[in-house]
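A structural walkthrough
Chain by chain, the residues run as shown.
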Amino acid sequence: MKKIIQLLFSISFTGFMLIVFAIALAVATIIENTYGSEAARTIVYNSWWLELILVLLAVNLVANIIRFRLYKRQKLTIGIFHLAF
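This section reports on the structure supplied with the text. (Residues numbered from 1 in each chain as written. Predicted model: local features only at pLDDT ≥ 70, side-chain atom pairs only at ≥ 80, totals over all residues. Heavy atoms only, no water.)

1. Some points on the side chain of Ser-10
- Position of Ser-10 relative to the elements: it lies in the loop between α1 (2-8) and α2 (11-35).
- A polar contact is formed between the side chain of Ser-10 and the backbone oxygen of Leu-7, at a distance of 2.9 Å.
- Polar contacts involving the side chain of Ser-10 include one to the side chain of Ser-12, which spans 3.3 Å. (Helix = DSSP H or I, 4+ residues; strand = E, 2+ residues; numbered from the N terminus. Polar contact = N/O pair within 3.5 Å; in protein donor to acceptor, adjacent residues only side chain to side chain.)

In structure tokens:
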């Protein structure tokens, strides 16, 4: 269980999930250009797996903010920058 938690909160997992998210949005754009907005919304934007990707990215972001102590005064600007995402 500890290894799974370490994987979910790792920087490499963040990079992987951002790549998966970018690919999903690229596919949605292609679907939207080919079949229209409603098809892209149905197939990609309103799907459970896209929401799962967003939740995993949000949890990972919060965990890394805590892990790297970006809430401390010395790192506050970096923390605010990352929270903007």
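2. Digging into the nonpolar core
- By size, the foremost hydrophobic cluster in this structure holds 6 residues: Ala-24, Ala-28, Ile-31, Ala-40, Val-44 and Leu-50.
- Among the secondary structure elements, those contributing two or more residues to this core are α2 and α3 (37-45).
- If you tally residues by element for this core, the top one is α2, at 3 residues. (Core = buried A, V, L, I, M, F, W, Y, C linked by side-chain atoms within 4.5 Å. Buried < 20%, exposed > 50% of the residue type's maximum accessible area, 1.4 Å probe, protein only.)

3. Let's talk about the pattern of salt bridges
- Summed over all chains, the structure comprises 1 salt bridge.
- As a salt-bridge pair, Arg-41 and Glu-38 come within 2.9 Å of each other at their nearest N and O atoms. Residue Arg-41 and its partner Glu-38 are located together in helix α3, separated by 3 residues, close to a single helical turn.
- Judged by relative accessible area, Arg-41 falls into the partly exposed class, the value being 36%. (Salt bridge = Lys/Arg side-chain N within 4 Å of Asp/Glu carboxyl O.)

4. So, the packing of α2 against α3
- Orientation of α2 relative to α3, taken along the N-to-C sense of each, is 150 degrees, at an axis distance of 7 Å. The angle between the axes of α2 and α3 places the two elements in the roughly antiparallel class. Regarding α2 and α3, the two cross each other, and that crossing is right-handed. Between α2 and α3, the residues in contact are Ala-24, Leu-25, Ala-28, Thr-29, Ile-31, Glu-32 and Tyr-35 and Ser-37, Ala-39, Ala-40, Ile-43, Val-44 and Tyr-45, respectively.
- Of the residues in the contact of α2 with α3, the class split is 10 nonpolar, 2 polar and 1 charged. (Axes fitted to C-alpha atoms, helices over the stretch in contact; angles between N-to-C directions. Parallel < 35°, antiparallel > 145°, perpendicular 65-115°, else oblique. Left-handed = near helix turned anticlockwise from the far one by under 90°. Contact = heavy atoms within 4.5 Å. Nonpolar A, V, L, I, M, F, W, Y, C, P; charged D, E, K, R; others polar.)

5. What to know about the layout of surface pockets
- The volume enclosed by the largest pocket comes to roughly 420 Å³.
- What lines the largest pocket is a set of 15 residues, and nearest its centre among them are Thr-14, Leu-57, Leu-61, His-82 and Phe-85.
- Contributing elements (two or more residues each) for the lining of the largest pocket: α2 and α4 (48-67).
- At 7 residues, α4 tops the list of elements feeding residues into the lining of the largest pocket.
- Partitioned by chemical class, the residues of the lining of the largest pocket number 11 nonpolar, 4 polar and no charged. (1 Å grid on protein atoms, 1.4 Å probe; cavity = no way out; pocket = protein on both sides within 12 Å on 5 of 7 lines; lining within 4 Å. Points joined across faces, edges and corners; volume = space filled by probe spheres on them.)

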